[in-house]
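Report on the structure
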Amino acid sequence: MHFADGFSYSKGKMEEAFRTGGLLDKVPAKATKDPAVAALKREDIDLIIHEFEIARPQAEKVLAENGGDVAKTLLALVTP
């Protein structure tokens, strides 16, 4: 079946998606965070992200490697 958006869809797959217990009813699995990252303060992570303009996962990793100590993390990021 072709639709206005230019794509074609399988009738069986569409019906399965909207059926009770189908694809849309399944809850996606949550990714589990590393316990070391979960213990970090959001404000500390945000500080590292904004000051160094790095991605959140990278900021979390560096902060976790330095035991959540912001001062040690800042030094680690500026020291070659």
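You'll find the structure just up there.
Attention here is on the structure that accompanies the text. Worth saying up front: this structure is predicted, and the values here are computed from it rather than measured. (Residues numbered from 1 in each chain as written. Predicted model: local features only at pLDDT ≥ 70, side-chain atom pairs only at ≥ 80, totals over all residues. Heavy atoms only, no water.)

**Overview of the nonpolar core**
- Core analysis: the largest hydrophobic core is formed by eight residues, namely Leu-40, Ile-45, Ile-48, Ile-49, Ile-54, Ala-59, Leu-63 and Val-70.
- Of all the elements in the fold, those that place two or more residues in this core are helix H3 (42-52) and helix H4 (56-65).
- Here this core takes three residues from H3, the largest share from any one element.
- Once you skip the residues sitting within four places of it in the chain, Ile-54 turns out to touch Ile-48, Ile-49 and Ala-59. (Core = buried A, V, L, I, M, F, W, Y, C linked by side-chain atoms within 4.5 Å. Buried < 20%, exposed > 50% of the residue type's maximum accessible area, 1.4 Å probe, protein only. Helix = DSSP H or I, 4+ residues; strand = E, 2+ residues; numbered from the N terminus. Contact = heavy atoms within 4.5 Å.)

**A word on the pattern of salt bridges**
- All told, the structure shown has two salt bridges when counted by the stated rule.
- Arg-42 is the salt-bridge partner of Asp-46, the closest N and O atoms lying 3.9 Å from each other. With a gap of four residues between them, Asp-46 and Arg-42 both fall in helix H3, about one helical turn apart.
- A salt bridge links Asp-46 to Arg-56, with the nearest nitrogen and oxygen atoms 2.6 Å apart. Of the two residues, Asp-46 is situated in helix H3 and Arg-56 in helix H4; the sequence distance between them amounts to ten residues.
- One connected set of salt bridges, linked through shared partners, spans Arg-42, Asp-46 and Arg-56. (Salt bridge = Lys/Arg side-chain N within 4 Å of Asp/Glu carboxyl O.)

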